Amino acid sequence: MNSVLVIDDERNIRTLVARVLGQENIEVHPAATGKEGLEMAYEVDPDVALVDLRLPDIDGIQVLRELRTRRPETAVIMITAYGHIESVVMAMKNGATDYLEKPFQHLEKLRISVARALEEVKARREISRLQGMQEGRYKTTQIIGESGGTRRLREIISQLARSEAHTILVQGESGTGKELVARGLHFESARRSAPFMEVNCAAITETLFESELFGHEKGAFTDAKATKKGLMELADGGTLFLDEVGEIPLASQAKLLRCLQERTFKRVGGTRDIKVDVRIVAATNRSLETMVKDGGFREDLFYRLNVIPITIPPLRERREDILPLARHFLTEANTTFHKAVGRFGPETETLLLAYPWPGNVRELKNLVERLVILSTGDTIEAGELPNQFSGGASEGVFPADVTPREPRTLAAVELAYIQHVLRQVNNNKSEAAKILGITRQTLRKKLAEAT
Ligand SMILES: Nc1ncnc2c1ncn2[C@@H]1O[C@H](COP(=O)(O)OP(=O)(O)OP(=O)(O)O)[C@@H](O)[C@H]1O
Ligand SMILES: [Mg+2]
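## Considerations on the overall build of the chain
Then step 1. Along the chain, the regular secondary structure elements total 19 helices and 16 strands.
Then step 2. For the chain, whose C-alpha radius of gyration is 31 Å, the value lies well above the compact-globule estimate of 22 Å for 451 residues.
Then step 3. The C-alpha extent of the chain, read off along each of the three principal axes, is 90 × 65 × 45 Å.
Then step 4. The buried share of the chain, reckoned over its 451 residues, is 33%.

## Comments concerning the sheet that holds strand β4 (residues 75-81)
Working definition: the strands of a sheet are paired by backbone hydrogen bonds and lie parallel or antiparallel to each other.
Then step 1. Read from one edge to the other, the open sheet built from five strands follows the order β2-β1-β3-β4-β5, with strand pairing classed as parallel. With one partner strand each, in any of the chains shown, β2 (27-31) and β5 (98-102) form the two edges of the open sheet. Going across the sheet, the axis of each strand differs from the next one's by a mean of 20°, ignoring polarity.
Then step 2. Bridge count for strand β1 (residues 3-7) against strand β3 (residues 48-52) is four bridges, and the pairing is parallel. Its bridge partner being in β3, Val4 is matched across the sheet by Val48.
Then step 3. Those strands touched by helix α3 (residues 60-70) are β1, β3 and β4, and its axis lies near 160° from that of β3.

## Focus on the domain arrangement of the chain
Then step 1. Taken domain by domain, the chain holds domain 1 (3-136), domain 2 (151-312) and domain 3 (317-450).
Then step 2. For domain 2 versus domain 3, the separation of C-alpha centres amounts to 32 Å.
Then step 3. If you look at the interface, domain 2 gives six residues, while domain 3 gives eight residues.
Then step 4. Its residues assigned to classes, the side of domain 2 that touches domain 3 shows no nonpolar, five polar and one charged.

## Overview of the site of ligand 1
Then step 1. In the vicinity of ligand 1, 17 residues are found, and the nearest of them are Ile144, Gly177, Lys178, Glu179 and Val361.
Then step 2. Two domains each provide a minimum of three residues to the shell around ligand 1, namely domain 2 (151-312) and domain 3 (317-450).

## A short note on the environment of Phe104
Then step 1. As for its placement among the helices and strands, Phe104 is situated in the loop between β5 and α5 (107-139).
Then step 2. For the pair Phe104 and Val51, spaced 53 residues apart in the sequence, the C-alpha separation amounts to 14 Å.
Then step 3. For Phe104, the residues in contact, after removing those within four places along its chain, are Leu16 and Leu110.

## Some details on the sheet that holds strand β10 (residues 239-243)
Then step 1. The strand order β7-β10-β13-β6-β14 describes an open sheet built from five strands, whose pairing is parallel. Edge positions in the sheet fall to β7 (196-200) and β14 (308-312), since each has one partner strand and no second. Between one strand and the next, the sheet's axes are offset by a mean angle of 20°, whatever the strand orientation.
Then step 2. Relative to β10, β7 runs parallel, the two sharing five bridges. Paired with Phe196 across the strands is Thr239, a residue of β10.

## Regarding the pairing of β3
Then step 1. Most of β3 sits out of view: five of its five residues are buried.
Then step 2. Of the two faces of β3, the one holding Val48, Leu50 and Asp52 and the one holding Ala49 and Val51 are both buried throughout.
Then step 3. In the sheet, β3 pairs with β4 via five bridges, with the strands oriented parallel. By the bridge assignment, Leu50 is partnered in β4 with Ile77.
Then step 4. The β-α-β motif built from β3, the intervening α3 and the parallel element β4 has right-handed crossover chirality.

## Side note on the packing of helix α13 (residues 322-337) against helix α14 (residues 346-354)
Two quantities define a packed helix pair, namely the angle between the helix axes and the distance between the axes.
Then step 1. At their nearest, the axes of α13 and α14 sit 10 Å apart, and the two run at 120° to each other. As far as their axial angle goes, α14 and α13 are oblique. As α13 packs across α14, the resulting crossing turns out to be right-handed. Here α13 contributes Ile322, Leu323 and Ala326 to the contact with α14, which in turn contributes Glu349, Leu352 and Leu353.
Then step 2. In terms of residue class, the contact of α13 with α14 is made up of five nonpolar, no polar and one charged.

## Details of the packing of helix α6 (residues 148-162) against helix α7 (residues 178-187)
Then step 1. Where α6 contacts α7, the axes come no closer than 8 Å and their chain directions differ by 40°. Between α6 and α7, the angle falls in the class oblique. In the crossing of α6 with α7, the sense of the turn from one axis to the other is right-handed. Taking contact as the criterion, the partners of Leu153, Ile157, Leu160 and Ala161 in α6 are, on α7, Val181, Gly184 and Leu185.

## Comments concerning the pairing of strand β6 (residues 167-172)
Then step 1. Taking burial as the measure, the six residues of β6 include five buried ones, the bulk of the element.
Then step 2. Of the pairings in the sheet, the one linking β6 to strand β13 (residues 279-284) comprises five bridges and is parallel in character. Counted as the bridge partner of Val170 is Ala283 from β13.
Then step 3. As judged from the five bridges shared by β6 and β14, these two strands associate in the parallel manner. Considered in β14, the bridge of Gly172 is made with Ile312.

What counts, and at which threshold
Residues numbered from 1 in each chain as written. Chains lettered and ligands numbered in written order. Predicted model: local features only at pLDDT ≥ 70, side-chain atom pairs only at ≥ 80, totals over all residues. Helix = DSSP H or I, 4+ residues; strand = E, 2+ residues; numbered from the N terminus. Rg over C-alpha atoms; globule rule 2.2 N^0.38 Å. Buried ≥ 20, exposed ≤ 12 C-beta atoms within 10 Å, placed from the backbone. Pairing = 2+ DSSP bridges. Axes fitted to C-alpha atoms, helices over the stretch in contact; angles between N-to-C directions. Contact = placed C-beta atoms within 7 Å. Domains from an automatic or database assignment. Nonpolar A, V, L, I, M, F, W, Y, C, P; charged D, E, K, R; others polar. Near = placed C-beta within 6 Å. Right-handed = clockwise from strand over helix to strand, strands pointing away. Parallel < 35°, antiparallel > 145°, perpendicular 65-115°, else oblique. Left-handed = near helix turned anticlockwise from the far one by under 90°.

Structure, rendered in structure tokens:
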């Protein structure tokens, strides 16, 4: 429901406004003095304020100025005495949306003026909502952690954000924050207002790779019904994030290399060289060096990408980050799930610190979310942690069903561990495969065999 504040010392004006706007289904808050009006404005945050220019305590222009700074989204309509043209000019210069002359002879004018102001406020609110979303996206790139490694990481990001470095390679185990770093590099840099485009190289086929990246001309192949820009072109001025870069098929690697070397490319089926200014941030959780040795990744492309390498250590190697991250995720989860869990108990914290975190920060985040949702008290106690924590440091990762009381076959223990990891990553198969150090195909096979 829209709300209007009316600040006027004349009672009949307040009642008139309340009656006329009340018919339009607008909530009206009356105030008789400037001071009372401002207090009410801070409290109800009205869409529109009607302010009498001559108030008993504070000058109306003063009230207007105060509203403009403290409640910038509220539209202000000044009420002036008939014929006071100087004060109208003054009001408009100070940011009033409109003015109404007393006595109100044409009530229609009041309705129209308020309706127009409401429209304006709606537009203004929409703009600040969009800006807020932008900032929100930016905020998600906040990198939490107190370890030396993470501090250095933040420094490197801000240095690189200011530099013109064109290729950056981010390496780290699954869930360590590679994507977060890639976004940080973009949103902290001068490129932030240009697009951040991303492509998961593991998810596109060899045949599609080239056209996804470089686009295609109409008729380049059967399905090419129209000319299409590729990600490289769409990211012009910004950043292209090549996630899981190790998964690019060999044939496509050659094409990417050429593009990186020459900084130009052609659309599939096109003849024109297209030049773009794109920063490439590539990420991988596999060792590209090992892949180069095994022949799975081109050495020349590796050197091209590896100009500025950033390696994010696994969480178990930066334990100082565990509690700051856990507390950060606790606050976030409270907001998301409308809960008010205050803290982790001391014993819980000890167990969190001792755990090896095979799924790294993602695993920690998922765990904290689950704990917050399930929690009924103010403190998360050790008993609320899942089984794999209960043994403390000495028993390590293995959940109860992997260290059974009765002897079991190797296959059974293996399956139990696979299921344990799957639970940890919310059943995300490719995630689980990464943690287990096997391919998705192998994982699928093992699961199929078990049933
Ligand atoms: N230092 C950090 N501070 C705050 N949040 C973090 C941090 N590191 C990781 N995260 C969060 O953990 C989750 C996993 O991070 P991200 O997706 O960046 O990992 P990744 O390295 O890209 O993993 P994968 O290799 O599986 O793609 C995300 O929700 C991310 O926001
Ligand atoms: Mg990722």
